[in-house]
Amino acid sequence: MDLKLQNILFPDKDRYMNYQTLFCREGKGIYDENNQCLVMAKYTACDFGSYLNGFSVQKWKEYTNIGKVTLKLEIEGDFELILSGYHLVQLAAQKQILFKKRFKCDSRQMIEIDVPETKETIVGFEIQSFSDCRIFSGGYYSEVDEGEFNPVVLSVATTTFQKEDFIRRNLQMIREELLSDAFVGPNIYVHVVDNGRTLDRKEIENEHIFYHPNKNVGGSGGFTRGMIESLAQKPKATHVLLMDDDVEILSESIRRTYLLLLLEKEAYKNHIISGAMLCYEQMDEFHEDVGFIGADGGQNPSKECESVSEISNIVKLEESVTDKADSYAGWWYCCIPSTMIERNGFALPLFIRVDDTEFSLRNNAKFITMNGICVWHMGFVMKFNYFMEYYQVFRNFLIAEACNPSTRRQRIWNRFMGLFLSEILRFNYEAADMILDAILDYLKGPKFIQQEKCQERLDTMSKRNAVMKDLEEYGDLGLDIDSVYKEDYRRPLDTLLYRLTFNGQVLWPERMLRKGPAVVAYDWFYNPQAQCLKDSVMAVNPYTKTGELRHIDKKRFRRVMKKYFAVMKLYKQRHEKVEAAYYARRKYLTSYKFWAKYLELEKYQ
């Protein structure tokens, strides 16, 4: 059977016009919506060796059982086609021309070019036009044996909380572009888990799309509901693709995921396919596909890359390894074998954050990534808040490590103790207090997270987040917000006094403090010299031009530090007993029995 592995994609939406390099890396054409083709002018060149259209030939050969690969294009015009392969030498992409030929297609016709056997990482093609040209469709095909197809029923499970517009757009795309596909459509199912219960079942459901009202139990509860429904559907899902609600997705990403599963070699059937997160606001900006817990105890992207417009970055992403220790896949686009869920359980009931990380670590997961399997995710800049990043992440990591003991615990602990200290030193007493509350709630043991009080906790803790105001409301303070993320040179004497006095909060008269405010970052970035011995700081988000003004408060400092020592004493007394309790309950907390009760499945149907 001659099977299309990958479509050639065109910038067929207005939103893509500013990001044509995702489709065509050099040069560009104009998409003709009426004739559904890409139009190239005479004497122009378009290079389709791009993030969305490059063919990751080595990965397809490694992960799947494919034969000879052929590029097919439905095209009209006088042009030269150049087929090239790319690999990385140090940080530069090396180009190897594999095929070159001039074609004169007086009318619309299909041309076929065999991709020769190659060790190149990625293959792409370039069209150089000698007349006006029209490209109607295209793709990379391979001869495959239908008798060797894996049984695949792919369930897309997306959980949402009041993101109706995104969900509607994505469902419309799935209906029109996937479910209508005679080859892929019959084996694609979708489960919409509505934590906010604001969607209308009638506008969503059909024979392949299902609606599930759910309690507001965050990502862990919503995605677990999606897993449960996927395993219960008929036919039962062989794979569950977890996908965030506030994302833009291409049908092609899901199609490529399905084909990888269909052709997957036995050695990779227990791997997770992890899609990349790109930035919704800057569509060619790569964020992460696989992450890992680093030496600093933080969650870090495995691959370093900014723009996927450059061929060197595209090749680097494909050649980068994803088998670092303590690796995980985020649940913005994460395709999990059903056997993994059945073998090791559902998510821990952590509400939001770390649930995806814990699941990967618990399963010692291995990963498959590929260019073009991705989503565009909303709001990296806008989403930072102390409740999520300090309370939720720290508390949930403590729980995750109690359930899956490892050497990661000390690294994570050291990271958050460092964050506690840095927030105290920049007068962010509320954030520091949240870190201590994370420890206190963890010490309450598994009974605390077994009780479904997610919304209550969210409402209470969110009120303690920083209130970021428009900088104009503070008047003209002469702030240099452009240097927020620049680290100043630390003067030795300032450093000594800064440490001895906890930045003027002990053993230092207030009259001797320098007048502020000092400009500091609103997030994790730490620049001690900027705030050294100042009486106030302005925590700034330079992207939104907002900030929070904080003043030194020695009484609040003493209260928080008193609480710190009390919490550390309590932790030392109780942590071994608490860890044992979590470990003893870990299988129950990820079981269907627990989740059916927690989600009140009989009530929410």
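Reading the values: the criteria
- Residues numbered from 1 in each chain as written.
- Predicted model: local features only at pLDDT ≥ 70, side-chain atom pairs only at ≥ 80, totals over all residues.
- Heavy atoms only, no water.
- Salt bridge = Lys/Arg side-chain N within 4 Å of Asp/Glu carboxyl O.
- Helix = DSSP H or I, 4+ residues; strand = E, 2+ residues; numbered from the N terminus.
- Buried < 20%, exposed > 50% of the residue type's maximum accessible area, 1.4 Å probe, protein only.
- Contact = heavy atoms within 4.5 Å.
- Polar contact = N/O pair within 3.5 Å; in protein donor to acceptor, adjacent residues only side chain to side chain.
- Pairing = 2+ DSSP bridges.
- Axes fitted to C-alpha atoms, helices over the stretch in contact; angles between N-to-C directions.

1. Quick word on the pattern of salt bridges
Tallied over the full model, the rule gives 40 salt bridges. A salt bridge links Arg 408 to Asp 326, with the shortest nitrogen-to-oxygen separation between them at 2.9 Å. Here Arg 408, found in helix 10 (residues 408-425), pairs with Asp 326, found in the loop between helix 6 (311-319) and strand 19 (327-328); they are 82 residues apart in sequence, far enough to count as distant. Put simply, Asp 441 and Lys 444 hold a salt bridge, and the shortest N to O gap is 2.8 Å. Since its relative accessible area comes to 4%, Asp 441 is described here as buried. Linked through salt bridges whose partners overlap, the residues forming this network are Glu 430, Asp 433, Asp 437, Arg 464, Arg 556 and Lys 563.

2. Observations concerning the environment of Arg 411
Looking at where Arg 411 falls in the secondary structure, it is placed in helix 10. As for Arg 411 and Gly 297, which are separated by 114 residues in sequence, their C-alpha atoms are 4.4 Å apart. Filtering out sequence-adjacent residues up to four positions away, Arg 411 remains in contact with Ile 293, Gly 294, Ala 295, Asp 296, Gly 297 and Asp 326. A polar side-chain atom of Arg 411 sits 3.0 Å from the main-chain carbonyl oxygen of Gly 294. Of the polar contacts made by the side chain of Arg 411, one reaches the side chain of Asp 326; its length is 2.8 Å.

3. Observations regarding the sheet that holds strand 22 (residues 374-377)
What the 4 strands build is an open sheet, ordered 13-22-15-16; its pairing is mixed. Only two strands of the sheet have a single partner each, and these edge strands are strand 13 (247-249) and strand 16 (286-288). Averaged over all neighbouring strand pairs, the angle between strand axes comes to 35°, with direction disregarded. The pairing of strand 15 (residues 276-279) with strand 16 spans 2 bridges and is classified as antiparallel. Bridged to Met 277 within strand 16 is Glu 288.

4. Topic: the pairing of strand 7 (residues 122-129)
Counting buried positions along strand 7 gives 7 out of 8 residues, so the element sits mostly inside the fold. Both strand 4 (residues 45-47) and strand 7 contribute to a ladder of 3 bridges, which runs antiparallel. Residue pairing across strands places Ala 45 opposite Gln 128, the latter belonging to strand 7. Sheet analysis places strand 5 (residues 69-89) next to strand 7, joined by 8 bridges and oriented antiparallel. Its bridge partner lying in strand 7, Leu 83 is registered against Phe 125.

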